[in-house]
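Below, each chain spelled out in residue letters.
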Amino acid sequence: MGAICLLYWICFCLAMSGCFGDDPYAYFDMELSYITASPLGVPQQVIAVNGKFPGPVINVTTNFNVVVNVKNKLDENVLITWSGIQMRRSSWQDGVLGTNCPIPPKWNWTYQFQVKDQIGSFFYFPSLNMQRASGGFGSFVITNRKIIPIPFKMPDADIVIMIGDWYTRNHKDLRKALDDGNLLGMPNGVLINGKGPYRYNDTLVPEGIEHETINVNPGMTYRVRVHNVGVSTCLNFRIQSHNLLLAETEGYYTSQQNYTSLDIHVGQSFSFLVTMDQNASSDYYIVASARFVNESLWQRVTGVAILHYSNSKGKAVGPLPDPPNDAYDASYSLNQAMSIRQNVTASGARPNPQGSFHYGSINVTDVYILRSLPPAVIDGKLRATYNGISFVKPDMPIRLADVYKVKGAYKLDFPSKPLDRPPRMDRSIINATYKGFIEIILQNNDTVVQTFHLGGYSFFIVGMGSGVWSENSRGSYNRWDAISRSTVQVFAGGWSAVFVSLDNVGVWNLRTENLDRWYLGQETYMRIVNPEDDGFKTELPAPDNALYCGALSKMQKPQKLLTSSSWRLSLIWNVLAIATLMVMQILHF
């Protein structure tokens, strides 16, 4: 009997450690709730994660299975999406309305996905109804396995910096403004790690605002991960008197080059190596200031934090370090963006070099030209469009509609180029081909710079320019070392072009990251199905805990409210069941 108990315990421990040929598991609790904060000196309701604003950093290692139990303590539906993280074979976990039914108030829902073959700097945020404008975001870091070298000396520590424009109106007020046909106007400020500006100027910055201080030690090198989690404003990021050695962006190592400042667009993430090599006569400014706006009007909309050396002798003084002097000329920023190249000799998540994928010599199978225009009134409502279609939010996840053969849930007729017809509201998506290699041209005829994002994928940013894209524009494409990432800026009156290899089956959101344009309908989905997959080899089945909504809402059973301990106990019981079966098989043998 003692031998059986010992055998049972060994099997249980193996099961808990994920040693049946599986990769390790990492478990997280994420409780979304409202708290009161005053980041710009005005008390307002913000969305906290586990009582924190911004939320905690999720830190895992390549290939980990990530289990995140989300408890919704807000007064409205919620979904969490994972910006830039490629859910391999599992778009069910992507956390947008086309892939998940929303989590109702007072409910739990557990995400489970694998960060397969990924490294780098990402972030999570609530994806519904402008909620990110009130918070709910946090950094998501995927570190290398120890056996895979990184292309630089190991930094002494990590620093996470979350920047973004901010309104003293919460997300409900902002979306009401849009529903009423109004644009959002100038934000009230820029936050750095959820805090307002340091009082570098007594006129522009009032008293009593808490600012962020980042403590460092002289001589050390830090990996500084910067995320723009704002609503719609491109921000120029800089640290006074310090070089920013760009090392990685959204999962891919870059060729290492120094910048004095870098434009970071909405939804983008970068990591820099910053060495604390200055004298400590005073502290230094960390600045995030708005780009492509009238700076005289936007002076108050500047984020300022403090870099504090442990041996600093005084406070930061004097004017802020200068931003690029080209408020109405995107050429500097465009050239800077195209200077970011992939480090083709570095290993990524695997031992082979990142640049071994010769994207420039692959034949393109399909071309999609997506044109955006300024918001316009459609059917009496202010709406934004791609190719004249303003996307109507789905009633249920698209693949769930496929599984249960729900007719009329969506249309597979999204136009591959702009059409000469009046704009309309529709639920039209792209019927893409599995293993296709496509070119997407983003033509921004809107008046503001935008950020384009594609879920489930990284793409090669091969071209960028001003004016209208033409066939001749392909002559300027970078076909060797273009950076691969999941976001790309598209300047007002300009275009960007990307290449994508469609090897990840599922339904993936294609959108602008600008929250106002996204809310107004500037998105669609790309449906990629493998017709030969009859055993869930290229796409996982719908998860056991799938929520049901829309025409399938009658299938949803009442949820027993879970606590952190109860859902973990449920997982343990499942593991015990597996261990029991193993013991029985071993004894029978």
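Residues numbered from 1 in each chain as written. Predicted model: local features only at pLDDT ≥ 70, side-chain atom pairs only at ≥ 80, totals over all residues. Heavy atoms only, no water.

It is worth spelling out the overall build of the protein at this point. Each helix and strand counted, the protein has 6 helices and 33 strands in total. In summary, the protein has a C-alpha radius of gyration of 24 Å against a globular reference of 25 Å for 589 residues, a match within 12%. A total of 589 residues make up the protein; the buried ones form 57% of that total. In the protein, of all internal contacts separated by at least 6 residues, the share reaching a separation of at least 24 is 79%. Total accessible area on the protein is roughly 24,600 Å²; 54% of this is exposed by carbon and sulfur atoms. (Helix = DSSP H or I, 4+ residues; strand = E, 2+ residues; numbered from the N terminus. Rg over C-alpha atoms; globule rule 2.2 N^0.38 Å. Buried < 20%, exposed > 50% of the residue type's maximum accessible area, 1.4 Å probe, protein only. Contact = heavy atoms within 4.5 Å. Areas by Shrake-Rupley, 256 points an atom, 1.4 Å probe, with all protein chains shown as cover.)

What follows concerns unusual backbone geometry. In this structure, the amide linkage connecting Phe-53 to the following residue, Pro-54, adopts the cis form with an omega of -10°. The phi dihedral of Asn-387 falls on the positive side, at around 50°, and the residue is not glycine. Considering the arrangement of structural elements, one finds Asn-387 in the loop between strand E22 (381–383) and strand E23 (389–391). Look at Lys-405: it is not a glycine, yet its phi comes out positive at around 50°. Checked against the element boundaries, Lys-405 lands in the loop between helix H4 (398–403) and strand E24 (424–426).

This brings us to the environment of Ser-281. Secondary-structure assignment places Ser-281 in the loop between strand E17 (269–275) and strand E18 (284–290). When its relative accessible area of 48% is taken as the criterion, Ser-281 is described as partly exposed. Taking C-alpha positions, Ser-281 is 58 Å from Glu-539, a pair spaced 258 residues apart along the chain. The contact partners of Ser-281, leaving out residues within four places of it in the chain, are Lys-313 and Gly-314.

Among the surface-exposed residues, Val-403, Tyr-404 and Met-555 lie close enough to one another that they form a single nonpolar patch of about 250 Å² accessible area. Residue placement: Met-555 occurs in the loop between strand E33 (523–529) and helix H6 (564–588). Residue class for Met-555 comes out partly exposed when judged on its relative accessible area of 35%. (Patch = residues over 30% accessible without salt bridge, like charges linked within 9 Å, V, L, I, M, F, W, Y side chains within 5 Å. Salt bridge = Lys/Arg side-chain N within 4 Å of Asp/Glu carboxyl O.)

Taking strand neighbours across the sheet as the criterion, the 5 strands line up as E25-E33-E32-E27-E30 in an open arrangement whose pairing is mixed. Either end of the sheet is taken by a strand with one partner, and the two such strands are strand E25 (430–433) and strand E30 (487–490). Strand-to-strand, the axes of this sheet are offset by a mean angle of 25°, without reference to chain direction. Both strand E27 (residues 450–454) and E30 contribute to a ladder of 4 bridges, which runs antiparallel. When the sheet's bridge partners are listed, Phe-452 is paired in E30 with Val-488. (Pairing = 2+ DSSP bridges. Axes fitted to C-alpha atoms, helices over the stretch in contact; angles between N-to-C directions.)

On to the sheet that holds strand E11 (residues 213–216). Spatially, the 5 strands line up as an open sheet ordered E11-E19-E18-E13-E16, and their pairing is mixed. The open sheet terminates on both sides in strands that have one partner only, identified here as E11 and strand E16 (262–264). Each neighbouring strand pair of the sheet contributes to a mean axis angle of 25°, computed without reference to strand direction. The pairing of E18 with strand E19 (residues 302–309) spans 6 bridges and is antiparallel. Following the sheet pairing, Ser-289 is matched in E19 by Thr-302.

Right, let's get into the side chain of Glu-439. Tracing the backbone shows Glu-439 in strand E26 (residues 437–444). Here Arg-474 takes part through its side chain, which lies 3.0 Å from a polar atom of the side chain of Glu-439. When sequence neighbours within four positions are dropped, the list of residues in contact with Glu-439 reads Val-364, Asp-366, Val-367, Tyr-368, Trp-469, Arg-474, Tyr-477, Val-498 and Phe-499. (Polar contact = N/O pair within 3.5 Å; in protein donor to acceptor, adjacent residues only side chain to side chain.)

All told, the structure shown has 28 salt bridges when counted by the stated rule. Notably, a salt bridge pairs Asp-202 with Arg-199, separated by 3.7 Å at the nearest N-O pair. You can call Asp-202 exposed: its relative accessible area is 56%. We classify Arg-199 as partly exposed; its relative accessible area is 32%. One salt bridge in this structure joins Asp-426 and Lys-411, with 3.4 Å as the shortest N-O distance. You can see Asp-426 sitting in strand E24 and its partner Lys-411 sitting in the loop between H4 and E24, a full 15 residues away along the chain. For Asp-426, a relative accessible area of 9% corresponds to the buried category. Overlapping salt bridges, with partners in common, bring together Arg-399, Asp-402, Arg-527 and Glu-539 in one network.

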